[in-house]
Amino acid sequence: MAAKIRVWDLPTRFFHWTLAGLVVAAFAAVKVGGAWITWHFYAGYAILTLILFRVVWGFAGGRYARFGAFLYGPRAIVAHVRGAPDRPHAPGHNQLGSLSVFALLIAIGVQASLGLFANDEIASEGPLVRLISRDTSDLLTTLHRLNERVIIALVGLHLAAIAFYTFVRREPLVAAMVHGDKPLPIDRQSTGSADSRDLEPTRDDGGLRLRAAVLLALCAAAVWWIVS
């Protein structure tokens, strides 16, 4: 038996797909180079805004978007990896998914922050380069380039995990992140399945979305103040 509930609120879905598009755009712009470097910086500012928003949304967002909903300890993660029958059911991000989310948020957040102090050794430089020495800027630029490989690796693992859960486990993760709803099993006889009390849908009404819009605007204003 399965129940379909709203797991991902609209602001969380907007964040997810917009961030994915901006990361691709930033990567493409820096590889093309030339005048496109300006767009690389713009994409970076937008990414920093989204990361800041997601951190705030991790405390003020919908039920399953909050960090507390997918912050697991080592024992729960090991149980999930082993496929233990009594492992806790995860309506939102599961135990491995949570590691991916936190790793990507940290890596992309670090990348966007480093970009504020980086330079291309030619004509472009981050808006905060003036606050540090040239040697420090060069060091942070090197870290910025190295961290790019970390992000590529994490994105690759993320996509591989999605493919595994989609085609092997038959869990519609991509579809759920598009429309927000996810079918979840209900089996009171199995401790590994979700109890009806655990299937409370996330709030996703106009009030929540207005809150997200206000928070996103404040985050954008904060980033604009920093870079200008």
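A brief report on the enclosed structure follows. (Residues numbered from 1 in each chain as written. Predicted model: local features only at pLDDT ≥ 70, side-chain atom pairs only at ≥ 80, totals over all residues. Heavy atoms only, no water.)

### Some remarks on the overall build of the chain
Which entries qualify depends on this criterion: We count a stretch as a helix when DSSP gives it H or I for four or more residues in a row; a strand needs E for two or more, and each element gets its number in order from the N terminus. Throughout this description, buried means an accessible area under 20% of the type-specific maximum (1.4 Å probe, protein chains only), exposed means over 50%, and partly exposed covers the range between. By definition in these notes, contact holds between two residues if any of their heavy atoms fall within 4.5 Å. Throughout, the Shrake-Rupley method with a 1.4 Å probe supplies accessible areas, and for residues the shown protein chains are the sole cover considered.
What the chain contains, in helices and strands, is seven helices and two strands. Counting from the amino terminus, the chain carries its helices and strands in the arrangement β-α-α-α-α-α-α-β-α. Taken over 228 residues, the chain has a buried fraction of 39%. A fraction of 71% describes how many contacts in the chain between residues 6 or more apart in sequence connect residues 24 or more apart. Roughly 12900 Å² of accessible area belongs to the chain as shown, and the carbon and sulfur atoms make up 67% of that amount.

### Observations concerning the packing of helix α1 (residues 10-32) against helix α7 (residues 206-227)
Note the threshold: Orientation is described by lines fitted to C-alpha atoms, with helices fitted over the stretch in contact, and by angles between N-to-C directions that extend from 0 to 180 degrees. Angles below 35 degrees are treated as roughly parallel, those above 145 as roughly antiparallel, those between 65 and 115 as roughly perpendicular, and all remaining angles as oblique.
Contact pair α1 / α7: the axes reach a minimum separation of 9 Å and the direction vectors enclose 40°. As judged from the angle between their axes, α1 and α7 are oblique. Where α1 approaches α7, its residues Leu-10, Pro-11, Arg-13 and Phe-14 are matched on the opposing element by Arg-209, Ala-212 and Leu-216.

### Topic: the side chain of Lys-182
Our working rule: When charges are counted, Lys and Arg are positive and Asp and Glu negative, with His and the chain ends excluded. Salt bridge, as applied in this entry: a Lys or Arg side-chain nitrogen positioned within 4 Å of an Asp or Glu carboxyl oxygen. N or O atoms closer than or at 3.5 Å make up a polar contact, with two conditions inside protein: a donor-capable atom paired with an acceptor-capable one, and, for residues adjacent in sequence, both atoms drawn from side chains.
Within the secondary structure, Lys-182 is located in strand β2 (residues 181-185). The buried charged residue Lys-182 lacks any salt bridge, with Glu-171 as its nearest oppositely charged partner at 4.6 Å. Separated by 3.3 Å, the side chain of Lys-182 and the backbone oxygen of Pro-91 make a polar contact. A distance of 3.5 Å separates a polar side-chain atom of Lys-182 from the backbone oxygen of Gly-92.

### Details of the pattern of salt bridges
Where side chains of opposite charge bring their charged atoms close, a pairing between them can arise. One pass over the full model with this rule turns up eight salt bridges. Here Arg-6 ties to Asp-181 by a salt bridge, and the two come within 2.6 Å at their closest N and O atoms. Here Arg-6 is found in strand β1 (residues 2-6), whereas its partner Asp-181 is found in strand β2, with 175 residues between them in sequence. As a salt-bridge pair, Arg-203 and Asp-205 come within 2.9 Å of each other at their nearest N and O atoms. Classification of Asp-205 as partly exposed rests on a relative accessible area of 35%. Each of Arg-6, Arg-13, Asp-181, Asp-204 and Arg-209 takes part in one network of salt bridges that share partners.

### Concerning the packing of aromatic side chains
For any pair of aromatic rings, the description consists of the separation of the ring centres together with the inter-plane angle of the planes. Rule in force here: Between the rings of Phe, Tyr and Trp (Trp by its six-membered ring), a pair exists once the centres lie within 6.5 Å; its type follows the angle of the planes, with under 30 degrees stacked, over 60 edge-to-face, and the other angles tilted. Whether a charge lies above a ring is judged from NZ of Lys or CZ of Arg, which has to be within 6 Å of the ring centre and within 35 degrees of the ring normal.
Here the structure, examined in full by the defined rule, presents nine aromatic pairs. Aromatic side chains Trp-39 and Tyr-42 sit 5.5 Å apart centroid to centroid with 85° between the ring planes, which places their arrangement in the edge-to-face category. Taken together, the positions of Trp-39 and Tyr-42, both in helix α2 (residues 37-60) and three residues apart, correspond to about one turn of that helix. Taking 6.0 Å as the distance between ring centres and 75° as the angle between the ring planes, the aromatic pair formed by Phe-67 and Phe-70 counts as edge-to-face. Looking at Phe-70, the relative accessible area reads 0%, which means it is buried. Here a set of aromatic residues connected by ring pairs shows up, and it is made of Trp-39, Phe-41, Tyr-42 and Tyr-45. A cation over a ring is seen here: Arg-54 above Phe-15, with NZ or CZ 5.9 Å from the ring centre.

Note that every value here comes from positions in space, so none of it alone points to a role or purpose.
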